[in-house]
Amino acid sequence: MIELTLTFERRPVNTFKLDKDIILIGRDPTCDVRIDNVGISRHHARIEKQGGIYSLTDLDSSNGTFVRGQKITQYNLNNGDEINIWNFSIFFRIPEAEQVKAPETTPQKIDIDATIAIDRKQLELKQKERGSALVAHLGYTDPQKREQNYSIMKTTTFFGKGPKCDFQIGGFFIQHRHCAIIRDEIGFRFINFGNRSRGTVNRQEVDDYRLKNGDVIKIADRTFKFNEGIISK
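What comes next is a walk through the structure. (Residues numbered from 1 in each chain as written. Predicted model: local features only at pLDDT ≥ 70, side-chain atom pairs only at ≥ 80, totals over all residues. Heavy atoms only, no water.)

Examining the pairing of strand 12 (residues 136–141)
Okay, step 1: Of all six residues in strand 12, five are buried, a share of seventy percent or more.
Okay, step 2: The pairing of strand 12 with strand 22 (residues 222–228) spans five bridges and is classified as antiparallel. Within strand 22, the position partnered with Gly139 by the bridge is Lys225.
Okay, step 3: Pairing analysis gives five bridges linking strand 12 to strand 13 (residues 147–151), with the strands arranged antiparallel. Directly across from Thr141, in strand 13, lies its bridge partner Glu147.
Okay, step 4: Linking strand 12 to strand 13, which pair antiparallel, is a turn of five residues; within it Lys145 sits at a positive phi near 65 degrees. (Buried < 20%, exposed > 50% of the residue type's maximum accessible area, 1.4 Å probe, protein only. Helix = DSSP H or I, 4+ residues; strand = E, 2+ residues; numbered from the N terminus. Pairing = 2+ DSSP bridges.)

Focus on the nonpolar core
Okay, step 1: Leu4, Val33, Ile47, Leu56, Leu77, Ile83 and Ile90 are the most contacted members of the largest nonpolar core, which totals 26 residues.
Okay, step 2: Counting residues per element, the ones that place at least two in this core are strand 1 (2–8), strand 2 (11–18), strand 3 (22–26), strand 5 (45–50), strand 6 (53–58), strand 10 (82–85) and strand 11 (88–93).
Okay, step 3: Here this core takes four residues from strand 1, the largest share from any one element.
Okay, step 4: The residues contacting Ile90, other than those within four sequence positions of it, are Leu4, Thr5, Leu6, Ile25, Val33, Ile35, Asp81, Glu82, Ile83 and Ile85. (Core = buried A, V, L, I, M, F, W, Y, C linked by side-chain atoms within 4.5 Å. Contact = heavy atoms within 4.5 Å.)

Things to note about the sheet that holds strand 14 (residues 156–160)
Okay, step 1: The sheet built from five strands is open, its strands ordered 15-14-16-17-20 with mixed pairing. Each end of this open sheet is capped by a strand with a single partner; those strands are strand 15 (167–168) and strand 20 (208–210).
Okay, step 2: Here strand 16 (residues 179–183) runs beside strand 17 (residues 188–192); their pairing, made up of five bridges, is antiparallel. The residue of strand 17 that forms the bridge with Arg183 is Phe188.

Some details on the pairing of strand 2
Okay, step 1: Sheet topology note: the strand 1/strand 2 ladder contains seven bridges and is antiparallel. For Leu4, the partnering residue across the bridge sits in strand 2 and is Phe16.
Okay, step 2: Between strand 1 and strand 2, which pair antiparallel in sequence order, lie two residues; one of them, Glu9, sits at a positive phi of approximately 50 degrees.

A look at unusual backbone geometry
Okay, step 1: One non-glycine residue, Asn202, lies in the positive phi region at around 55 degrees.
Okay, step 2: Looking at the element boundaries, Asn202 is found in the loop between strand 18 (200–201) and strand 19 (204–205).
Okay, step 3: For Asn202, a relative accessible area of 37% puts it in the partly exposed group.
Okay, step 4: If you check the backbone angles, Ala220 has positive phi at about 55 degrees while not being a glycine.
Okay, step 5: Classification of Ala220 as partly exposed rests on a relative accessible area of 30%.

Regarding the packing of aromatic side chains
For any pair of aromatic rings, the description consists of the separation of the ring centres together with the inter-plane angle of the planes.
Okay, step 1: Taken as a whole and judged by the stated rule, the model has ten aromatic pairs.
Okay, step 2: With 5.2 Å between their ring centres and 45 degrees between their planes, Phe8 and Phe88 make a pair best called tilted. Note that Phe8 is positioned in strand 1 and Phe88 in strand 11, a separation of 80 residues in sequence.
Okay, step 3: A residue is classified by how much of its surface remains accessible, and Phe88, at 1% relative accessible area, is buried.
Okay, step 4: Relative to Phe224, the ring of Tyr140 has its centre 5.8 Å away and its plane inclined at 50 degrees; by these criteria the two rings are tilted. Here Tyr140, found in strand 12, pairs with Phe224, found in strand 22; they are 84 residues apart in sequence, far enough to count as distant. Summarising the burial analysis for this pair, Tyr140 and Phe224 share the class buried.
Okay, step 5: One aromatic cluster is present, built from ring pairs that chain together Tyr140, Tyr150, Phe159, Phe167 and Phe224.
Okay, step 6: Taking NZ or CZ as reference, Arg177 lies 3.9 Å from the ring centre of Phe158, over its face. (Phe/Tyr/Trp six-rings, centres within 6.5 Å; stacked < 30°, edge-to-face > 60°. Lys NZ or Arg CZ within 6 Å of the ring centre and 35° of its normal.)

What follows is the structure, given as structure tokens:
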């Protein structure tokens with residue numbers, strides 16, 4: 001049996017637990033993992049089990065199938081792999097193996113019909129981001145007092161009041177885009193945009209700071225710990 005967690009913009013949509021040798025992914029109602037979106041081909045990709053190995057094959061889809069930022073024709077899946085199809089991700093997991101797990105956030109209802117095609121250049125940028133060798137994550141406590149980890153996969157991760165920020169932070173002096181972590185060719189930078197209630201790193205106010213493993217970021221009443229490398233379970 002395998003577990004496939006479908007996400008849209010990092011938000012879980014549905015989890016499929018399937019015990020089949022052939023699993024179809026696509027827009028067609030007959031698919032085992034159905035994604036009803038115009039960017040998805042009717043029969044987009046297939047996962048096939050052969051001798052204990054799960055092989056992912058792109059079925060000549062219009063917009064391609066990606067793993068680790070690379071467009072694939074056929075790929076042998078590893079436990080914890082993230083499959084990228086259009087602006088959706090599918091986390092592949094073998095439940096018996098205690099390795100990298102898909103997000104365990106409570107699934108949210110997403111209006112998939114409303115997620116029309118995104119710009120191809122933006123999609124290409126997303127795939128390049130996913131394939132970057134630079135890996136880091138933020139550890140933090142959510143409003144429900146749960147310990148969480150956030151993989152920094154985007155070129156720019158925003159903090160602020162704005163609804164499109166990756167981390168929404170309230171406060172009288174907090175701007176729509178108050179701070180950001182920017183990934184460049186050699187690492188990660190923390191940048192302040194705000195004039196008041198500015199974010200700090202290791203209790204020091206900074207303008208443009210090159211992050212190091214273990215740095216502690218504080219923005220208003222939120223605290224984040226920057227960690228290099230993959231999330232360990």
